Amino acid sequence: MIRVFAGLGALVLLLFAASLLIGPAGLPVSDSIDALFRGEGEAITLVMREIRLPRALLAVMVGASLGLSGAALQGYLRNPLAEPGLIGVSGSAALGAVLAIQSGLAAAFALALPLAALGGAVGAVVLILLLAGPRGSALTLILAGIAISALAGACTSLVLNLSPNPFAASEIVFWLLGSLADRSMQHVGLVAPFMAAGTIALLSLGRGLDALTLGEDAAAALGIDLARLRLMLILGVAATVGAATAVAGSIGFVGLVAPHVLRRAVGAKPSRVLPASALGGAAMVLAADIAVRLIAPERDLKLGVLIALVGAPFFLRLILTQRREM
Amino acid sequence: MCTFLGAPAMGEFLGAPTIGDAPQRVVSLNLCTDQLAMLLAAPGQLISVSRLASDPRSSAMARQAASWPRNAGQAEEIFLLNPDLVLAGRYTARATVSMLERLGIPVQRFDPASGLDEVPDRIAKMGEVLGREAAATALIARFEADLLSLRYEVGTVRAAIYQANGYTLGSGTMAADIMEAAGLRNLMADRPGGGRLPLELLVMRAPDMLITSTPYPGASRSEEILSHPVLQAMALPRANTGPDWICGTPYVLRAIRDLQEAAR
């Protein structure tokens, strides 16, 4: 158990370092490290501190948020298909973010961006819980999720199509597939508080979700306040996914794949899957963001593309194994 | 010094009649052919210009374009105008243009100008297709004289064009020629054409000046890169590209002069 967590931690650290050291400028490793810590060499220091550091930090933060939210949603709904991207939470958060940006609110008041994304995410999570419910079947969950994602995606595209800015329409791709290119420390500062609060809320759910695996009545008998658990889940997922989407667009599959891969290694207990998925998600997004820069540094490949390339076959395999178990 | 820039309009060429079998109902579909046609057409010869021609963010002649009816470039709409010549850009809505050709309307396609030396060619071609050769010859002579008097020697200031999405322009582009004529050294001269330049490569190349695009109304993530903290930390002098930079018309002279003033 401890070995798994140590391994995951080491993997995240390794990928974080790689993310800092890999980039189109091809800077020498020793110079890069000097520039990052001691600030030697003006241009290199700017590149390391203002371009690569925020990108690597955001990859960790966004990945951890998505992995953790996926694990929490799967634990609460007791449904292996729950994932912020699939069930429309990311899409709705993107709609909130796009509305904040296009209405000019985000320019007038910086916090409007993460707050609007959070609002969109809360709306989607509440709708999903109402429609699918804690005992809802996989079918209801997925149908509700498809409806919400399609609606949010259509509204996002509509808003961007109607924008007077000619670039806005081409950014539909960004909001649907996500990217970490050219983000800055301002973005890190803007979303860090939301992600920290959401992460604390979700990690605190471990014991409650463990009890819930025995059923709602058993959990209530064990002294778990289910209404409070539900509220913390909604706020935690909305804060983490909303903040992640506000700066990086919707990145799918991380919340699906990370918990599934790690459940084998750490066991099915949600209290263990939660932190493991956060680390796993961070590693996934870091790896994908490095790959994006290695494959075509001048093309701004979208993160969602790469993650879906890995995630979709995984999803198919999941369906096959589930069918066999039935 | 620069007679073209001071002149109120190209009005003095407009009086002469068109020669022989010159087209009488000309419709333009492209921002650049709009402007060339407005500069050269005889009164009444040009019956419609594209909608972009009167957009001050794209067109160097937005004010003048108000005197012509506008079209939205739809084949049906153009056909109903009953033109005897349609002017299009090489890459203008190909489906529309080929449909017009199938309907039997003559179409002249213009290549985008990729340098100052191509401006006289474009003016000459427009003069030819409109049957306004004399006006074109006079405009070319004036353009060449003005360019000669305006042109600076390339100095030591290394400037880079950096636009939304980190798009930059290297050698063999109109923008690069404008920069050089304004006396600036193009930081990206070693790369042909346009393309995306990752922000960290721009920082490592350490330009002395940035030439950025003017932001459009309504926000976009693509333009956010122009206010990235790293560019603010470098605190470079900035100039803007604009409508004068887009087409191979004599208005590129105004772009050169504005850039010279900004770089001073």
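Remember, predicted model here, so these are calculated numbers, not experimental data.

A. Inspection of the sheet that holds strand β11 (residues 238–240) of chain B at higher detail. All names here are of chain B. The strand order across the open sheet built from four strands is β8-β6-β10-β11, with neighbouring strands paired in parallel fashion. The sheet is open, and its two borders are formed by β8 (185–186) and β11, each paired with just one other strand. Of the pairings in the sheet, the one linking strand β10 (residues 209–212) to β11 comprises three bridges and is parallel in character. When the bridges of β11 are listed, L210 appears paired with R238. Across the sheet, helix α8 (residues 174–181) touches β6 (158–162), β8 and β10, and the angle it forms with β6 is around 150°. Strand contacts of helix α12 (residues 252–263): β10 and β11, with the helix running at about 145° to β10, the strand carrying the most contacts.

B. Expanded view of helix α3 (residues 42–77) of chain A. Residues and elements named next belong to chain A. Under the 1.5 Å per step criterion, the end-to-end length of α3 is 51 Å for 36 residues, consistent within 8% with the ideal 52 Å. Approximately 35° is the largest bend angle found in α3, and it occurs at R52, with the proline P54 only one to four residues beyond. The buried fraction of α3 amounts to 29 of the 36 residues, a majority that puts the element mostly inside the structure. Taken from the residues just after α3, R78 is the one with a positive phi, measuring 45°.

C. Just the state of the cysteines, in detail. All names here are of chain B. This model, assessed by the stated rule, comprises one disulfide over all chains. Across a sulfur-sulfur distance of 1.9 Å, C32 and C247 are joined as a disulfide pair. In this structure the cystine formed by C32 and C247 twists about its S-S bond by roughly -75°; its chirality is therefore left-handed. With C32 in helix α2 (residues 31–40) and C247 in the loop between β11 and α12, this pair connects stretches of sequence that are 215 residues apart. Judged by its relative accessible area of 2%, C247 falls in the buried class.

D. Spatial organisation of the interface of chain B and chain A. Taken together, the contact pairs 25 residues of chain B with 33 residues of chain A. Among the residues chain B hides against chain A, the three largest losses belong to R196, E200 and R221 of chain B. Together they make up 31% of the total. Run the count over chain B and chain A and you get three salt bridges. Residues R183 of chain A and E224 of chain B are paired through a salt bridge, measuring 2.9 Å at the closest nitrogen-oxygen approach. Counting across the chain B and chain A interface gives twelve residue pairs in polar contact (both at pLDDT 80 or more). Those elements that place two or more of their residues in the side of chain B that touches chain A are α9 (199–205), α10 (221–224) and α11 (229–234) of chain B. Of all the elements, α9 of chain B adds the most residues to the side of chain B that touches chain A, at five residues. Residues of the side of chain B that touches chain A, tallied by class, amount to 14 nonpolar, five polar and six charged.

E. Quick peek at the pattern of salt bridges. Considering all chains together, one arrives at 13 salt bridges over all chains under this definition. One salt bridge connects E101 of chain B with R109 of chain B, and the closest N-O pair in it is separated by 3.3 Å. Among the charged side chains, a network of salt bridges with common partners joins R55, D289 and R293 of chain A.

F. Focus on a nonpolar patch on the surface. Residue and element names in this part refer to chain B. On the surface, F79, L80, M99 and L103 cluster together to form a nonpolar patch covering roughly 400 Å² of accessible area. Relative to the helices and strands, L80 is located in helix α4 (residues 75–80). Under the relative-accessibility criterion, L80 is labelled exposed at 66%.

G. Spatial organisation of the nonpolar core. Residues and elements named next belong to chain B. Formed by 121 residues in total, the largest nonpolar core has its most connected members in Y162 and L202. With residues near it in sequence (within four places) discarded, Y162 still touches Y167, L197, P198, L199, L202, L210, I211, T212, S213, I225, L226 and L231. The next biggest cluster of nonpolar side chains, apart from the first, holds 50 residues, and it includes L130, A136, L169 and M179.

H. Looking closely at the sheet that holds strand β4 (residues 85–89) of chain B. Residue and element names in this part refer to chain B. In spatial order, the strands read β3-β2-β1-β4-β5; together these five strands make up an open sheet with parallel pairing. Lying at the two open borders of the sheet, with one neighbouring strand each, are β3 (70–71) and β5 (107–110). Here strand β1 (residues 26–28) pairs with strand β2 (residues 46–50) via two bridges, running parallel. By the bridge assignment for β2, V26 is matched with L46. Lying on the sheet, α2 is in contact with β1, β2, β4 and β5; it crosses β2 at an angle near 145°. Sheet contacts for helix α6 (residues 119–130): β1, β4 and β5; angle to β5, the most-contacted strand, approximately 175°.

I. Representation of unusual backbone geometry. Even without a glycine there, the phi angle at R78 of chain A is positive, about 45°. By secondary structure assignment, the location of R78 of chain A is in the loop between α3 and α4 (89–102). Although it is not a glycine, A235 of chain B sits at a positive phi angle of roughly 45°. Counting through the fold element by element, A235 of chain B comes out in the loop between α11 and β11. For A235 of chain B, a relative accessible area of 61% gives the class exposed.

J. Inspection of the packing of aromatic side chains at higher detail. On inspection of all chains with the given rule, the structure shows two aromatic pairs over all chains. When the centroid spacing of 4.8 Å and the interplanar angle of 75° are considered together, the rings of F174 of chain A and W175 of chain A count as edge-to-face. You can call F174 of chain A buried: its relative accessible area is 2%. Above the plane of the ring of F110 of chain B lies K125 of chain B, whose end atom (NZ or CZ) is 4.6 Å from the centre. The ring of F174 of chain A carries the charged tip of R221 of chain B above its face, separated from the ring centre by 3.8 Å.

Rules of the game
- Residues numbered from 1 in each chain as written.
- Chains lettered and ligands numbered in written order.
- Predicted model: local features only at pLDDT ≥ 70, side-chain atom pairs only at ≥ 80, totals over all residues.
- Heavy atoms only, no water.
- Pairing = 2+ DSSP bridges.
- Helix = DSSP H or I, 4+ residues; strand = E, 2+ residues; numbered from the N terminus.
- Contact = heavy atoms within 4.5 Å.
- Axes fitted to C-alpha atoms, helices over the stretch in contact; angles between N-to-C directions.
- Expected span 1.5 Å × (residues − 1).
- Bend = angle between axes of the 7 residues up to and from the residue.
- Buried < 20%, exposed > 50% of the residue type's maximum accessible area, 1.4 Å probe, protein only.
- Disulfide = S-S within 2.5 Å.
- Buried area = accessible area lost by both parts, 1.4 Å probe.
- Salt bridge = Lys/Arg side-chain N within 4 Å of Asp/Glu carboxyl O.
- Polar contact = N/O pair within 3.5 Å; in protein donor to acceptor, adjacent residues only side chain to side chain.
- Nonpolar A, V, L, I, M, F, W, Y, C, P; charged D, E, K, R; others polar.
- Patch = residues over 30% accessible without salt bridge, like charges linked within 9 Å, V, L, I, M, F, W, Y side chains within 5 Å.
- Areas by Shrake-Rupley, 256 points an atom, 1.4 Å probe, with all protein chains shown as cover.
- Core = buried A, V, L, I, M, F, W, Y, C linked by side-chain atoms within 4.5 Å.
- Phe/Tyr/Trp six-rings, centres within 6.5 Å; stacked < 30°, edge-to-face > 60°.
- Lys NZ or Arg CZ within 6 Å of the ring centre and 35° of its normal.

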